[in-house]
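Observations on chain architecture
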Amino acid sequence: MIAPFTITIPDERLAAIRAKVEAYDWSQLPDAGGWSAGVGVGDLKRIAAYWRDSFDWRAVERRLNALPNFMAEVEGEHLHFVHVKGDGSKPPVLLLHGWPGSYLEFERLLQPLAADGHDVVVPSLPGFAFSNPITRPIGARRAAALVQELMTRLFGDARYFIQGGDWGHAVATWAAHDRPDALHGIHLNMMTVRAADAQPTTDAERSFAARRAAIADQESAYFLEQETRPQTLGAAMADSPVGAAAWILEKFGKWADLPTTADGDPDIWSKFSEEELLTTIMLYVAPGSFVTSTWIYYGSRLEKARTLPAGTRIRVPTGIAAFPDPVFLPPPRSFVEKTYDVVHWTDMPRGGHFAALEEPELMLADLRAFIATVSEARG
């Protein structure tokens, strides 16, 4: 079943969130100094003050409801999605976000792609935002099956393109692995899922692997917690809107392509507004989806979905938008080609982990170029 969906957070839920933000005891949060030990307390206080004094969720809700929102029940799971219709002259496009992003990362791509002739579908991944509740932890492979079933219901046997970053790239990869016949191509702006036996062999590949390992040593604590102990983390986050905001804000500060202040801290406000960041945070806090959003890490561990089976080669045409993500470094093309059939590659001049949100024009142009490349090859 697929039906129109209206976002309506109950007044009681909004009042409870507001009361907890107002009651947060800042005296219990010592400051280790800027962003040296995690999220900057000063930046967190700034967003909490905006939340308390200026943020109007109802105004945001009206803007979100101006989009064509739908809810589908797919194999017992609730899937929220936005569907902007084109004229049908081009194949459908499925856009997939990750954590701690949301379907709104793609907001500025919707109308341009629809104007090109594409139907554009942007789901909230299982457990995220309004795709909640879910019946159990769902990993990237199961998520791929669910979104592909959704696309089948919407478009029958018509093939389509997928764009994905963060977990969206893993879902796209598993979709290409399990149902390649459904796809024209996949366009990725993160590349960590690979065949289990794809190993670095050149100097450039080994250098990349060493740099990524060094960064992972500093930046992977959240991943291990969400992959192995999401329930324990969730007990705290479900009760603290400010705590959830800190957990998410840290990733925008560390993963986006940002200038730094004189103290070496990320200048998060040079790229994002309080309204923009709080809207994303509220998509986790308001519908109570923070806990179930982290289940994709645990579910992927259970599925063993972080790598593809040894010997796997993704035959679906693949495009890579290599944004200079400061944490999830883009690999050398030679390494990606050990797993994927790369037909399009662009080294991006700027933009980080939240590429469609940070640099929507660059993302749109590269996605269009990839679709044109694949379409021309098809004749």
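Fair warning: this is a prediction, and the values are worked out from it, not measured in the lab.

Attention shifts here to the overall build of the protein chain. Per the secondary structure count, the protein chain includes 15 helices and nine strands. Against the 2.2 N^0.38 benchmark of 21 Å for 379 residues, the protein chain shows a C-alpha radius of gyration of 20 Å, consistent with a compact globule. Here the C-alpha coordinates of the protein chain stretch approximately 60 × 50 × 35 Å along the principal axes. The buried share of the protein chain, reckoned over its 379 residues, is 55%. A fraction of 80% describes how many contacts in the protein chain between residues 6 or more apart in sequence connect residues 24 or more apart. For the protein chain, the computed accessible surface area is about 15,300 Å², with 52% contributed by carbon and sulfur atoms.

Here we come to the sheet that holds strand S3 (residues 77-84). An order of S1-S2-S3-S5-S4-S6-S7-S8-S9 is seen for the nine strands of this open sheet, with the pairing classed as mixed. Looking at the sheet topology across the chains shown, the edges are occupied by strand S1 (2-4) and strand S9 (340-347). In this sheet, adjacent strand axes meet at a mean angle of 25° when their direction is disregarded. Across five bridges, strand S6 (residues 160-164) lies against strand S7 (residues 183-188) in parallel orientation. Note that in S7 the partner of Ile162 across the bridge is Ile186. This element, helix H5 (residues 140-155), spans S1, strand S2 (69-74), S3, strand S4 (93-96), strand S5 (120-123), S6 and S7 of the sheet and lies at about 50° to S3.

The subject of this paragraph is the packing of aromatic side chains. Applying the stated criterion across every chain, the model contains 20 aromatic pairs. The interplanar angle of 80° and the centroid separation of 5.9 Å between the aromatic rings of Phe161 and Phe370 together place this pair among those described as edge-to-face. Here the residue Phe161 occupies a position in strand S6, and Phe370 occupies one in helix H15 (residues 360-378), the gap between them amounting to 209 residues. The residues Phe161 and Phe370 share a single accessibility class, namely buried. Ring pairing ties together the aromatic residues Trp99, Trp167, Tyr222, Phe223, Phe252, Trp255, Phe272, Tyr297, Phe328 and Phe354, which thus form one cluster.

To continue, consider the environment of Leu110. Within the secondary structure layout, Leu110 lies in helix H4 (residues 107-116). Judged by relative accessible area, which is 5%, Leu110 ranks as buried. For Leu110 and Val82, which are 28 residues apart along the polypeptide, the C-alpha to C-alpha distance reads 9.3 Å. Dropping the residues within four chain positions of it, Leu110 is found in contact with Leu67, Val82, Val84, Val120 and Val122.

Moving on to the nonpolar core. Residues Trp51, Trp57, Tyr103, Ile162, Trp167, Ile186 and Met282 are the most contacted members of the largest nonpolar core, which totals 124 residues. Sequence-distant contacts of Trp167, that is, excluding residues within four places in its chain, are made with His97, Gly98, Trp99, Leu125, Ala140, Phe223, Ile296, Tyr297 and Ser300.

A few words on the UniProt feature "domain: Epoxide hydrolase N-terminal" (unreviewed entry) in the protein chain. When the UniProt feature table is mapped onto this chain numbering, "domain: Epoxide hydrolase N-terminal" (unreviewed entry) sits at residues 2-106. Between the end C-alpha atoms of residues 2-106 there is a gap of 22 Å, over a span that is 33% helix and 20% strand.

Before going further, it helps to examine helix H12 (residues 290-303). Because an α-helix packs 3.6 residues into every turn, residues spaced three or four apart end up facing the same way. Its 14 residues give H12 an end-to-end C-alpha distance of 21 Å, which sits within 8% of 20 Å, the value for a rise of 1.5 Å per residue. Along H12, the sharpest kink reaches roughly 30°, centred on Ile296. Within H12 the residues assigned to the buried category are Phe290, Val291, Thr292, Ser293, Thr294, Trp295, Ile296, Tyr297, Gly299 and Ser300. Lys304 lies just past H12 and shows a positive phi near 55°.

Glancing now at the packing of H5 against H12. Viewed as axis vectors pointing N to C, H5 and H12 meet at an angle of 105°, and their least axial separation amounts to 7 Å. Classified by the angle between their axes, H5 and H12 sit roughly perpendicular to one another. For the pair formed by H5 and H12, the contact residues are Ala140, Arg141 and Arg142 on the first element and Ile296, Ser300 and Glu303 on the second. By residue class, the composition of the contact of H5 with H12 is two nonpolar, one polar and three charged.

Thresholds, definitions, all that
Residues numbered from 1 in each chain as written. Predicted model: local features only at pLDDT ≥ 70, side-chain atom pairs only at ≥ 80, totals over all residues. Heavy atoms only, no water. Helix = DSSP H or I, 4+ residues; strand = E, 2+ residues; numbered from the N terminus. Rg over C-alpha atoms; globule rule 2.2 N^0.38 Å. Buried < 20%, exposed > 50% of the residue type's maximum accessible area, 1.4 Å probe, protein only. Contact = heavy atoms within 4.5 Å. Areas by Shrake-Rupley, 256 points an atom, 1.4 Å probe, with all protein chains shown as cover. Pairing = 2+ DSSP bridges. Axes fitted to C-alpha atoms, helices over the stretch in contact; angles between N-to-C directions. Phe/Tyr/Trp six-rings, centres within 6.5 Å; stacked < 30°, edge-to-face > 60°. Core = buried A, V, L, I, M, F, W, Y, C linked by side-chain atoms within 4.5 Å. UniProt positions renumbered as here; feature names shortened; annotations may be inferred. Expected span 1.5 Å × (residues − 1). Bend = angle between axes of the 7 residues up to and from the residue. Parallel < 35°, antiparallel > 145°, perpendicular 65-115°, else oblique. Nonpolar A, V, L, I, M, F, W, Y, C, P; charged D, E, K, R; others polar.

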